[in-house]
Number of protein chains: 2
Amino acid sequence: MKTLSQTEENYLKEIFHLSTAVEDRVSTNSLAARLNSKASSITDMLQKLADKGFVEYVKYKGCFLTELGESIAIQIIRKHRLWETFLVNKLNFGWEEVHAVAEQLEHIDSLKLIDSLDHFLNYPKFDPHGDPIPDKNGNIVYRESILQLIEVAPNSLVEVVAVSEDSLALLKFLEQHGLRLESELEILEKYPFDESMRIRSAKGEEINLSKKVAENIRVKFLAKI
Amino acid sequence: MKTLSQTEENYLKEIFHLSTAVEDRVSTNSLAARLNSKASSITDMLQKLADKGFVEYVKYKGCFLTELGESIAIQIIRKHRLWETFLVNKLNFGWEEVHAVAEQLEHIDSLKLIDSLDHFLNYPKFDPHGDPIPDKNGNIVYRESILQLIEVAPNSLVEVVAVSEDSLALLKFLEQHGLRLESELEILEKYPFDESMRIRSAKGEEINLSKKVAENIRVKFLAKI
DNA sequence: TTTAATTTTTAGGTTTGTCTAAAAAAATTA
DNA sequence: TAATTTTTTTAGACAAACCTAAAAATTAAA
Ligand SMILES: [Mn+2]
Ligand SMILES: [Mn+2]
Ligand SMILES: [Mn+2]
Ligand SMILES: [Mn+2]
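Parameters and conventions
Residues numbered from 1 in each chain as written. Chains lettered and ligands numbered in written order. Predicted model: local features only at pLDDT ≥ 70, side-chain atom pairs only at ≥ 80, totals over all residues. Heavy atoms only, no water. Least-squares fit on C-alpha atoms with pLDDT ≥ 70 in both. Contact = heavy atoms within 4.5 Å. Near = heavy atom within 4 Å. Polar contact = N/O pair within 3.5 Å; in protein donor to acceptor, adjacent residues only side chain to side chain. Helix = DSSP H or I, 4+ residues; strand = E, 2+ residues; numbered from the N terminus. Nonpolar A, V, L, I, M, F, W, Y, C, P; charged D, E, K, R; others polar. Domains from an automatic or database assignment. Phe/Tyr/Trp six-rings, centres within 6.5 Å; stacked < 30°, edge-to-face > 60°. Buried < 20%, exposed > 50% of the residue type's maximum accessible area, 1.4 Å probe, protein only. Lys NZ or Arg CZ within 6 Å of the ring centre and 35° of its normal. Pairing = 2+ DSSP bridges. Axes fitted to C-alpha atoms, helices over the stretch in contact; angles between N-to-C directions. Expected span 1.5 Å × (residues − 1). Arc of directions from axis to C-beta.

## A closer look at the relation of the copies chain B and chain A
Move 1: At an RMSD of 0.0 Å, chain B and chain A line up after a rotation of 180° and a shift of 0.0 Å along the axis. Overall, the copies show the geometry of a two-fold rotation axis. Nearest to the rotation axis, the C-alpha of Leu105(B) is located 3.8 Å from it, this being the minimum over chain B.
Move 2: A shared interface surface links the copies, since 100% of the contact residues of chain B are contact residues in chain A too.

## Quick look at the protein's contact with DNA strand C
Move 1: Around DNA strand C lies a shell of 21 residues, among which Ser5(A), Ser41(A), Lys48(A), Thr43(B) and Tyr57(B) are the nearest.
Move 2: In DNA strand C, atoms within 4 Å of the protein come 77% from sugar and phosphate.
Move 3: At 3.4 Å, a side-chain N or O of Tyr60(A) approaches a sugar or linking oxygen of DNA strand C.
Move 4: A distance of 2.9 Å is found between a phosphate oxygen of DNA strand C and a side-chain nitrogen or oxygen belonging to Thr28(B).
Move 5: Where the surface near DNA strand C is concerned, the elements lending two or more residues are helix H1 (6-21) and helix H3 (39-51) of chain A together with helix H2 (28-34) and helix H3 (39-51) of chain B.
Move 6: Here the surface near DNA strand C gets 5 residues from one element, more than from any other, and that element is H3(A).
Move 7: Class assignment for the residues of the surface near DNA strand C results in 6 nonpolar, 11 polar and 4 charged.

## Examining the domain arrangement of chain A
One widely used convention gives an interface's size as the accessible area the parts lose upon coming together.
Move 1: Each domain of chain A was delimited in the assignment, giving domain 1 (6-65) and domain 2 (146-224).
Move 2: A separation of 32 Å is found between the C-alpha centroids of domain 1 of chain A and domain 2 of chain A.

## Examining the packing of aromatic side chains
Move 1: Counting across every chain of the model gives 9 aromatic pairs over all chains.
Move 2: Residues Trp83(B) and Phe86(B) carry aromatic rings whose centres are separated by 5.6 Å and whose planes lie at 85° to one another, so their mutual orientation is edge-to-face. Of this pair, Trp83(B) and Phe86(B) both sit in helix H4 (residues 67-89), 3 residues apart, which is roughly one turn of that helix. Both residues of the pair, Trp83(B) and Phe86(B), belong to the buried class.
Move 3: The structure contains a cluster of three or more aromatic residues connected by ring pairs, namely Trp83(A), Phe86(A), Phe120(A), Trp83(B), Phe86(B) and Phe120(B).
Move 4: Across from the ring centre of Phe120(A), 4.5 Å away, lies the NZ or CZ of Lys90(A), which sits over that ring.

## Remarks on the sheet that holds strand S7 (residues 206-209) of chain A
In sheet architecture, strand pairing relies on hydrogen bonds along the backbone and comes in two forms, parallel and antiparallel.
Residues and elements named next belong to chain A.
Move 1: Pairing within the open sheet is antiparallel, and its 6 strands lie in the order S3-S8-S4-S5-S6-S7. Edge strands, defined here as strands with exactly one partner in the open sheet, are strand S3 (147-148) and S7.
Move 2: Bridging between S3 and strand S8 (residues 217-224) involves 2 bridges; their strand directions are antiparallel. Across the sheet, residue Leu147 finds its bridge partner in S8, namely Val219.
Move 3: Relative to the sheet, helix H7 (residues 168-176) contacts strand S4 (156-163), S7 and S8, its axis offset from that of S7 by approximately 165°.

## Examining the environment of Cys63(B)
All names here are of chain B.
Move 1: Take Cys63: it is sitting in strand S2 (residues 63-65).
Move 2: In this structure the C-alpha to C-alpha distance between Cys63 and Arg25, which are 38 residues apart in sequence, comes to 5.2 Å.
Move 3: Ignoring anything within four residues of it in the chain, the contact list for Cys63 reads Ile15, Asp24, Arg25, Val26, Leu31, Leu46, Glu56 and Tyr57.

## Details of the sheet that holds strand S6 (residues 196-201) of chain B
Residue and element names in this part refer to chain B.
Move 1: Taken together, 6 strands build an open sheet; the order of strands is S3-S8-S4-S5-S6-S7 and the sheet is antiparallel. Sheet topology places strand S3 (147-148) and strand S7 (206-209) at the edges, where each strand pairs with a single neighbour.
Move 2: Both strand S4 (residues 156-163) and strand S5 (residues 184-191) contribute to a ladder of 3 bridges, which runs antiparallel. Note that in S5 the partner of Val158 across the bridge is Leu185.
Move 3: Helix H7 (residues 168-176) rests against S4, S7 and strand S8 (217-224) of the sheet, and its axis sits at about 165° to S7.

## Considering H3(B)
Residue and element names in this part refer to chain B.
Move 1: For H3, spanning 13 residues, the distance from its first C-alpha to its last is 19 Å, which sits close to the expected 18 Å at 1.5 Å a residue.
Move 2: Listed in full, the buried residues belonging to H3 are Ile42, Met45, Leu46 and Leu49. The arc that holds every buried residue of H3, seen down its axis, measures 110°, which confines them to one face. Of the exposed residues in H3, the ones pointing more than 90 degrees away from its buried face are Ser40, Asp44 and Asp51.
Move 3: Packed against the buried residues of H3 are helix H1 (6-21), H2, strand S1 (55-57) and S2.

## A few points about the protein's contact with DNA strand D
Move 1: Neighbouring DNA strand D are 21 residues, the closest being Thr43(A), Tyr57(A), Ser5(B), Ser41(B) and Lys48(B).
Move 2: One of the side-chain nitrogen or oxygen atoms of Lys59(A) is found 2.8 Å away from a phosphate oxygen of DNA strand D.
Move 3: Ser5(B) is positioned such that a nitrogen or oxygen atom in its side chain is 2.6 Å from a phosphate oxygen of DNA strand D.
Move 4: Looking at the surface near DNA strand D, the elements with two or more residues in it are helix H2 (28-34) and H3 of chain A together with H1 and H3 of chain B.
Move 5: Per element, the largest residue contribution to the surface near DNA strand D is 5 residues, and it comes from H3(B).
Move 6: Taken together, the residues of the surface near DNA strand D break down into 6 nonpolar, 11 polar and 4 charged.

## Regarding the side chain of Asp127(A)
Residue and element names in this part refer to chain A.
Move 1: Take Asp127: it is sitting in the loop between helix H6 (111-120) and S3.
Move 2: With a relative accessible area of 3%, Asp127 lands in the buried category.
Move 3: Aside from chain neighbours lying at most four places away, what touches Asp127 is Arg81, Glu84, Thr85, Ile133, Glu165 and Leu181.

If you want it as structure tokens, here you go:
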């Protein structure tokens, strides 16, 4: 199988993320926004990816990955998350520093490398942001009963299990308030006018979280208080 | 400092290797041969690199690196050799498997990454092929009194200290005969008609080495026998 | 020191991935 | 349903890195 360009790989990865998280058929404009590119460039590339059999694409109707395209996307995500794990676990990077470097490392092409790395890291199941790491065969084990913090009702106790990985500012903010994976926190109050919320961290600090922040923290429900 | 393309980095690296190992001013054709490219392509790129201040280039007279160009080349070589060391020491790659992967990894752009890696590997001085690893400041400590095996007279005992790194076939050949870094061997006889030689390995095996092979093994003289 | 061979450069193209501006289709609103 | 707005595609260009073929400069041979 001939190897794809970095650009093509980034397109497939982004189509995968959008089609699992947001829309079934991925629109030209949503890709343009995520890839910091223009709609016309996206159209060009979608035609090429469709020719090569990586996506199904119908003019004006958006696209989705073929089985082949999806398996490639998953392997790139596997590499991305394994490298992030390496950087945090072995090289002592902070979780907010790894994404940018992993965006480069995910394109290194060597099966032996990535399998050896997986072994070296002891076959980790989740990356530093709580996201599942696909295995060699592309299987992804999603966690059960995870919800966005913003969906949780007041007077609930929850545990942080994942955070949106690609916002540097968010990760720094969480770091600053001692919020990380496995942190427990209590939802004190929700303010409907701006969808912000007030929470109490494990060590008693009360923190206001904006809508944006609360959307990007994923938690597991622990108890009613 | 804005970041160079992978292609530009490869040109600088190759100019560095050729101008230290072979010729003071690097010719268009020698670059074309090393970069598997055509002379006309080299000319184009040299003009660009000269514009950007990485090389001195005079039409028809070849080129050499500026101080800036050299410092960039050395940092790429540093990355290449650190990654090779990582692959062998941590991921259990064979020394013949690492060069191709390092050719990709050397272009990853993150100072923190490479310095952390250096630390993680315990500041190695030499890579798996015996080549010196430049430090953070670009200093390279070359070994004293190293010669090519082909230059050594019969009845000498020598120790292998480095091998040409980028020939897969050579490395596999050496591996097969148990020849590696720190191996001791005895030069038995030299055959002038094809410049081949006969040697005896530490464990007594007698092996014939072609000119090509004997040129690409670097040794330290130990004793006359 | 001419002539011949070799090396290097220029001229003119190609491919990949991008862009802007204009046209076409689809979705919304009236 | 007709008009308007939004989304998407097409048309035409551009920069990077490469190529082939032809011209020019340099080097080697006669
Ligand atoms: Mn990431
Ligand atoms: Mn992640
Ligand atoms: Mn190498
Ligand atoms: Mn090496």
